[in-house]
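Next come the chains, spelled out residue by residue.
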Amino acid sequence: MGLLRRATPSSTRGRLLLIGGGLLLVVVALGLLALPFRHAPAAAEAARADLETAKAALESGDVEAAEQAVRSARSHADEVQGAVQGVGGHVWSWVPVAGGPVRDVRRLGNALDDLTSVAEVGVGLVSRVNSDRSTLVDDGNVDLEVLATVIDDVDEVDSLVDQAGAELDDVADDRLVAGDRLGEARNEVVEQMQPLVDGLATAQPLLAELPLMLGSQADRQYLVALLNPSELRYSGGTPLTFTTMDLSQGQLSMGDVVDTSTAPGTAQSIYWKKVKGNPFHRGRLKVLTSTMAPDWRVSGNELANAWRSLRGRRLAGVVVIDVPALADLVALTGPINVPTLGTITPDTLVETLVGSYDEYSDPAQRKEINRALAPLFSERLLSGDPLDTAKALARAADERRFAVYLRDPEEQAVFSDLGLTGELGDAERDYIGVFTQNRVPSKSDYWQRRAVRSEVDVRKDGSARVRLTVQIHNDSPPYAQEGVDPQFGYFTRWNFSSVLTVLPEGAEFTGGTIDGEPVRVRRGNFYDQTFQRQSMELAPQARRELVVEYDVPAAATVESDGSLAYGLTIDPQATVNPQSVEVRLRFPQGYEAGALPAGWTPSGPRTVTYRTDALETTEVFEIVARP
């Protein structure tokens, strides 16, 4: 106390004046330093608008407009950085309370700068890949040097996106001065970035494998098989026409187009090493019956093995595409001219190729048409707009009309992640997969119409009793040739089908009927899934009905709050006429379903229903019912 001295009023006022004057000088100085901040929001908004314009221009194919928009975005982004990253921004960032929002603004500015750089690299990338100036693909050949620059650009974009993400991660959710405005701005940017992040996760693994697949280190040969859905295998259409693609240092050459009449041995039963665990391969088979397994990871492998046995060369992979998917590729580049047929449009291609056998009494003429169409895949694959082609093939893969099998496990894994390998969906809970196979060689599957109905009663422990009904209508027209229908061959209207129902893992069959008459149900295992199959004979316009009843051990998972989460995957078969599907799902007494996925509607107490007239892609659902 003795060392402390009580200040007089006059000395206190003087000190307050000195402190106040000093604070006033600091506030004035900080205010002057903050003047550039006034322009930052407008410049940031202008930069964002420019980037949106560039995105729209790229989507419409206008690369020049995109380049102009990105240049404008760069100008505005630089203005933002000049405003927030200068001396003023640095000083303000250390001011108590106000410094936090300033640091967040600077982080947002850095993220904007990085994303503008992404756009700059991206426009150059598109120009090299997908424009009139592109030199990546020339006359069906891939320039590996240009591909290397594309890979470098994508890696640079990935690095810039990581930098932007790190800046955004450090932006606070809430600040004392700014509130949650900056956090909301960050969330908006993160949401807009997500498709780019997802795209990079898809593109980078593929680009890493692409040079090897194009023969950069060793020549590669791939088998291309054209599938005819008027004669079905469980996997899809029967492979009736083949060609090979040879790739060496990005240079493509096509092999001869062959079919059952021009490729010796394709119609003969031969031996090749079966894929381990494939229950559909027994003894000697024909190349044409190698693809019975419903999963193309297995059928593609079997077809590759069969071709090696037939031709003596080990393939790097197999590509299969059916006629409807080929029509989608033709739609990208316009009508085509085919010998003896003239001009074919995408709308008429399927009917002309697989639905008009009566018009070609000479099988040789039909095979000539098929051989003329087989090279279309490779021609369309390496011509036109590669992004449009990729979208068309991705859609075809979703419909199980296009699939890729590759010998190299790493390459196969990349294509599996892309959803291009034709594998069956997840069957851990409930699963529906109905596939038919033509037992007597004919083209009558062109007229097949199929309706599938599943009635599911879920129990409180998550298990379920299921009644699956498959109705098949052989909607064929009258026999058009002279004489009596032979019930096989190109022109028959009869259909002899093997109906395969693939069910969830661990499903136990409890009974079955065909047209109301009991049948013996034999259980088989396809890796992790259960299956059974029945034979049916369908005269013209006949309708047959198969019913299979079974128990699923874990159709729903029991959550910690007692809720039941029912999961269902439905796989299509690539038929000419997609099948209809109806699922009636009933939960135990005392449970009520919550929000329903698209396509599902309430249909009674504890009951919900899903309906589609045309199942074209794999559908995956989860429905939660709470007590």
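Placed above this text is the structure.
Worth saying up front: this structure is predicted, and the values here are computed from it rather than measured.

A. The overall build of the protein, seen in detail. Across its full length, the protein holds 14 helices and 26 strands. Within the protein, the proportion of its 627 residues that are buried is 49%. Carbon together with sulfur atoms contributes 52% to the accessible area of the protein, which is approximately 29600 Å² in total.

B. Looking closely at the pattern of salt bridges. On inspection of all chains with the given rule, the structure shows 24 salt bridges. Across the pair arginine 297 and glutamate 423 runs a salt bridge whose closest N-O atoms are separated by 3.6 Å. In this pair, arginine 297 sits in helix α8 (residues 296–311) while glutamate 423 sits in the loop between α14 (409–417) and β11 (430–438), placing the two residues 126 residues apart along the sequence. Residue arginine 297 is classed as partly exposed on the basis of its relative accessible area of 38%. Relative accessible area serves as the criterion here: at 28%, glutamate 423 is assigned to the partly exposed category. Overlapping salt bridges, with partners in common, bring together Arg453, Glu455, Asp457, Arg467, Glu549, Arg584 and Arg586 in one network.

C. Highlighting the packing of aromatic side chains. All chains considered together, the criterion is met by twelve aromatic pairs. Judged by centre distance (4.9 Å) and plane angle (75°), the ring pair of phenylalanine 526 and tyrosine 527 falls under edge-to-face. On the accessibility criterion, phenylalanine 526 (3% relative accessible area) is buried. On the basis of relative accessibility, which here comes to 39%, the residue tyrosine 527 falls in the partly exposed class. Between tyrosine 610 and phenylalanine 621, the aromatic rings sit 4.8 Å apart at their centres with planes inclined by 55°, giving tilted as the arrangement. Taken together, the residues span a long stretch of sequence, with tyrosine 610 in strand β25 (residues 607–612) and phenylalanine 621 in strand β26 (residues 619–626) at a distance of eleven residues. Here the two residues tyrosine 610 and phenylalanine 621 agree in accessibility, since each one is buried. An aromatic cluster is built from Tyr234, Phe280, Phe526, Tyr527 and Phe531, whose rings are joined through pairwise contacts.

D. How the structure looks around the pairing of strand β5 (residues 251–254). With four bridges joining them, strand β4 (residues 236–248) and β5 adopt antiparallel strand pairing. Note that in β5 the partner of leucine 247 across the bridge is leucine 252. With antiparallel pairing between neighbouring strands as the criterion, β4 and β5 make up a hairpin whose turn holds two residues, including glutamine 249 at a positive phi of roughly 50°.

E. Layout of the sheet that holds strand β13 (residues 464–474). Across the sheet, eight strands lie side by side as β16-β15-β19-β13-β12-β22-β25-β24; this open sheet has mixed pairing. The open sheet has two edge strands, β16 (517–518) and β24 (600–604), and neither has a second partner. Examined bridge by bridge, β13 and strand β19 (residues 543–552) share ten bridges and lie antiparallel to one another. Looking across to β19, one finds that isoleucine 472 is bridged to arginine 544.

F. Structural view of the nonpolar core. Formed by 62 residues in total, the largest nonpolar core has its most connected members in Ile321, Ile336, Leu349, Phe377 and Phe402. Excluding residues within four positions of it along the chain, phenylalanine 377 makes contact with Val224, Met245, Val319, Ile321, Leu326, Leu329, Leu393 and Phe402. Judged by nonpolar contacts, the second largest core, of 40 residues, contains Phe509, Met536, Val608 and Ile623.

G. Spotlight on the pairing of β4. With twelve of its 13 residues buried, β4 lies for the most part within the structure. In this sheet, β4 lies alongside strand β3 (residues 220–233) in antiparallel orientation, the contact comprising eleven bridges. Bridging from a neighbouring strand, arginine 233 pairs with glycine 236 of β4. A loop of two residues connects β3 with β4, the two strands running antiparallel in sequence. For β4 and strand β6 (residues 258–259), the ladder comprises two bridges, and the chain directions are antiparallel. Residue pairing in the sheet places phenylalanine 242 in a bridge with valine 258 of β6.

H. Here's a closer look at a negative patch on the surface. Judged by side-chain charge, Asp138, Asp139, Asp143 and Glu145 come together as a negatively charged surface patch. Residue aspartate 138 is classed as exposed on the basis of its relative accessible area, which comes to 56%.

I. Quick peek at the packing of helix α9 (residues 323–333) against helix α13 (residues 386–398). Following both chains from N to C, one finds α9 and α13 inclined at 160°, their axes separated by 10 Å at the closest point. Between α9 and α13, the angle falls in the class roughly antiparallel. Remark: the crossing between α9 and α13 carries right-handed chirality. Where α9 approaches α13, its residues Ala325, Asp328, Leu329 and Leu332 are matched on the opposing element by Asp388, Thr389, Ala392, Leu393, Arg395 and Ala396. Broken down by class, the residue content of the contact of α9 with α13 amounts to six nonpolar, one polar and three charged.

Basis of the calculations
- Residues numbered from 1 in each chain as written.
- Predicted model: local features only at pLDDT ≥ 70, side-chain atom pairs only at ≥ 80, totals over all residues.
- Heavy atoms only, no water.
- Helix = DSSP H or I, 4+ residues; strand = E, 2+ residues; numbered from the N terminus.
- Buried < 20%, exposed > 50% of the residue type's maximum accessible area, 1.4 Å probe, protein only.
- Areas by Shrake-Rupley, 256 points an atom, 1.4 Å probe, with all protein chains shown as cover.
- Salt bridge = Lys/Arg side-chain N within 4 Å of Asp/Glu carboxyl O.
- Phe/Tyr/Trp six-rings, centres within 6.5 Å; stacked < 30°, edge-to-face > 60°.
- Pairing = 2+ DSSP bridges.
- Core = buried A, V, L, I, M, F, W, Y, C linked by side-chain atoms within 4.5 Å.
- Contact = heavy atoms within 4.5 Å.
- Patch = residues over 30% accessible without salt bridge, like charges linked within 9 Å, V, L, I, M, F, W, Y side chains within 5 Å.
- Lys, Arg positive; Asp, Glu negative; His and termini not counted.
- Charge placed at Lys NZ, Arg CZ, Asp CG, Glu CD.
- Axes fitted to C-alpha atoms, helices over the stretch in contact; angles between N-to-C directions.
- Parallel < 35°, antiparallel > 145°, perpendicular 65-115°, else oblique.
- Left-handed = near helix turned anticlockwise from the far one by under 90°.
- Nonpolar A, V, L, I, M, F, W, Y, C, P; charged D, E, K, R; others polar.

Note that all results are geometric; they support no functional claim without further evidence.
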